[in-house]
Amino acid sequence: MEMMLAMKPTNASPATVVSLGAWGDVSEGSSGGTSCNVREFALLSDGREITLLDDRGWTSSAPLGEVSLAHVVRNVYNAVLPDDAEETGEEHEWQRFEQRLREAGVAVSQHDLRAMPYRIAFSVPGGWQAG
Amino acid sequence: MATCTPYVAGDYVHVSSGSASGHGWWYRNNCPNQKTTVTIYLYEFYSDNTWHYKSQGSAYVWPGGGSANWANARWVCGVPPYGTAGWRSLISIHSPGTGASAYTPARNLACG
């Protein structure tokens, strides 16, 4: 007896997360300091970039011309810390990351996300740098 | 002895666990490596076109920030559905040296 198998379209190779990162857009603040909008993202194996968190940023009283690279990078890390980091010791919003990625069709565990490389890149007026 | 100039920094006010929340920290720049008191004040923008003080938080911390070295201020959001309003924070230290302060940019948040 010949059997017919039901067929349906499927991904040849589902996308996976290859790295995490934060993009910072550094600019001169309104009162002579420095500000930076920050967006965290996941880079996928198919080249897509999924935004994970985009409501953060930081301001410093340090003038743009005096702010150091170390200062900028540290501020980005501080700005993306979870609000309950004092209690949990977590450095990122892993639960939110997992949920955003699931909504984008990417299944990945918080455990696996913690093991991903994390890079910070930012733009500054007149050029860009990666840290 | 010349007066030193520290810096303050803070994250943009954001909504977290049903509250508007902001954090402040400081950098020593050319000041001694010591603890100081960082205070952060939260403000909400009202229809009378002025910023209204909502809450504050202080912490006696080392420079550099991070969860062990920041001050946090929170304001519990009202009952849903939330209206949208502008929020900002002021971060301030009185010492060492000249002290420092900075306002974060206004952010429109759903935290009625």
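Note that the coordinates shown come from a computational prediction; the quantities given were computed from them, not determined experimentally.

**What about the confidence of the model for chain B?**
Do not read the fine detail of predicted coordinates wherever pLDDT is low.
Right, so step 1: When the pLDDT values of chain B are averaged, the result is 94; 98% of them are 70 or greater.
Right, so step 2: For chain B, per-element mean pLDDT is lowest for strand β2 (residues 14–16) of chain B, which scores 93, and highest for strand β1 (residues 7–11) of chain B, which scores 98.

**Observations concerning the interface of chain B and chain A**
The parts lose accessible area when they come together, and the size of an interface is often stated as this lost area.
Right, so step 1: Counting from both sides, the interface comprises 23 residues of chain B and, opposite them, 20 residues of chain A.
Right, so step 2: If you list the elements that add at least two residues to the side of chain B that touches chain A, you get β1, β2, β3 (19–27) and β8 (100–103) of chain B.
Right, so step 3: Looking at the side of chain B that touches chain A element by element, the count peaks at five residues for β1(B).
Right, so step 4: Looking at the side of chain B that touches chain A, its residues break down into eleven nonpolar, eleven polar and one charged.
Right, so step 5: For strand β3 (residues 49–60) of chain A and β1(B), the ladder comprises three bridges, and the chain directions are antiparallel. Within β1(B), the residue paired with Thr59(A) across the bridge is Gly10(B).

**Points about the pairing of strand β7 (residues 84–93) of chain B**
Residue and element names in this part refer to chain B.
Right, so step 1: Counting buried residues in β7 gives seven out of ten residues, a clear majority hidden from the surface.
Right, so step 2: For strand β4 (residues 36–45) and β7, the ladder comprises six bridges, and the chain directions are antiparallel. Residue pairing for β7: Ile40 is matched across the bridge by Ile91.
Right, so step 3: For β7 and strand β9 (residues 107–110), the ladder comprises four bridges, and the chain directions are antiparallel. Counterpart to Trp87 in the pairing with β9 is Arg107.
Right, so step 4: As defined by bridge partners, β7 adjoins β8 across four bridges and the pair is classed as antiparallel. Looking at the pairing, Ile93 lines up with Ala100 of β8.
Right, so step 5: The antiparallel hairpin formed by β7 and β8 contains six residues in its connecting segment, where Gly97 sits at a positive phi of about 55°.

**With respect to the environment of Gly57(A)**
Residues and elements named next belong to chain A.
Right, so step 1: Mapping Gly57 onto the fold places it in strand β3.
Right, so step 2: Under the C-beta neighbour-count criterion, Gly57 is labelled buried, with 25 such atoms within 10 Å.
Right, so step 3: For the pair Gly57 and Val76, spaced 19 residues apart in sequence, the C-alpha to C-alpha distance is 7.3 Å.

**Regarding the confidence of the model for chain A**
Right, so step 1: Taken over all residues, the pLDDT of chain A has a mean of 88, while the share at 70 or more is 87%.
Right, so step 2: Within chain A, strand β5 (residues 127–130) of chain A has the poorest average pLDDT of any element, 51, and strand β2 (residues 34–44) of chain A the best, 97.

**A word on the nonpolar core**
Right, so step 1: Counting 40 residues, the largest nonpolar core has Val8(B) and Val38(B) as the members making the most contacts within it.
Right, so step 2: When residues of this core are assigned to their parent elements, the largest contribution, five residues, is made by β4(B).
Right, so step 3: Residues contacting Val38(B), with those up to four places away along its chain left out, are Val8(B), Gly24(B), Trp25(B), Trp26(B), Ser58(B), Ala59(B), Val61(B), Ala71(B), Ile91(B) and Ile93(B).
Right, so step 4: Listed in part, the five residues of the second largest apolar core include Leu44(A), Leu52(A), Phe97(A) and Leu101(A).

Definitions and cut-offs
- Residues numbered from 1 in each chain as written.
- Chains lettered and ligands numbered in written order.
- Predicted model: local features only at pLDDT ≥ 70, side-chain atom pairs only at ≥ 80, totals over all residues.
- pLDDT = per-residue confidence, 0-100.
- Helix = DSSP H or I, 4+ residues; strand = E, 2+ residues; numbered from the N terminus.
- Contact = placed C-beta atoms within 7 Å.
- Nonpolar A, V, L, I, M, F, W, Y, C, P; charged D, E, K, R; others polar.
- Pairing = 2+ DSSP bridges.
- Buried ≥ 20, exposed ≤ 12 C-beta atoms within 10 Å, placed from the backbone.
- Core = buried A, V, L, I, M, F, W, Y, C linked by C-beta atoms within 7 Å.

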